[in-house]
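Residue-level listing of the chains:
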Amino acid sequence: METLVKTSGNKINKGACLSRDELSMHGITPTNLQCFSYYNYVLYEKGDKRIILKPLPHNLFRIIREYTFIPA
């Protein structure tokens with residue numbers, strides 16, 4: 001008999017809404033860079049990944065995009 005075991009990974013999905021506490025629980029921290037002058041987005045990081053978030057009311061953030069950062 002086969003059993004399917006699901007593990008709760010740290011995979012963050014595009015479009016998910018997370019609070020600041022949930023972001024820090026996943027190890028996602030702000031970069032303190034202001035790189036978006038026309039849009040109200042913030043840039044967070046987790047290791048070599050960069051995550052673009054859109055701030056929402058009630059201290060929530062929606063994940064817009066995640067990419068791998070490669071230093072020049």
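Here the structure is a predicted model, which means the values were calculated and not measured.

Colleague: Go over the nonpolar core, please, and point to the residues and values.
Modeller: Residues I12, L18, L23, I28, Y44, I51, L53, F61 and I63 constitute the largest nonpolar core, which totals nine residues. Broken down by secondary-structure element, the contributors of at least two residues to this core are β4 (49-56) and β5 (60-68). When neighbours within four sequence positions are excluded, L23 is seen to be in contact with L18, I28, Y44, L53 and F61.

Colleague: Outline the pairing of β5, listing residues and values.
Modeller: On any regular strand, side chains alternate: one points to one face of the sheet, the next to the other face. Bridge count between strand β1 (residues 17-19) and β5: three bridges; the pairing is antiparallel. In the strand pairing of β5, C17 is matched with R62. With eight bridges connecting them, β4 and β5 associate as antiparallel partners. Across the sheet, residue L56 finds its bridge partner in β5, namely L60. Connecting β4 to the next strand, β5, in antiparallel fashion are three residues, including H58 with a positive phi near 65 degrees.

Colleague: Give a detailed account of the sheet that holds β4, specifying residues and quantitative values.
Modeller: One open sheet holds the five strands; their spatial order is β1-β5-β4-β3-β2, and the pairing between them is antiparallel. Each having just a single partner strand, β1 and β2 (29-30) make up the two edges of the open sheet.

Criteria and thresholds
- Residues numbered from 1 in each chain as written.
- Predicted model: local features only at pLDDT ≥ 70, side-chain atom pairs only at ≥ 80, totals over all residues.
- Heavy atoms only, no water.
- Core = buried A, V, L, I, M, F, W, Y, C linked by side-chain atoms within 4.5 Å.
- Buried < 20%, exposed > 50% of the residue type's maximum accessible area, 1.4 Å probe, protein only.
- Helix = DSSP H or I, 4+ residues; strand = E, 2+ residues; numbered from the N terminus.
- Contact = heavy atoms within 4.5 Å.
- Pairing = 2+ DSSP bridges.

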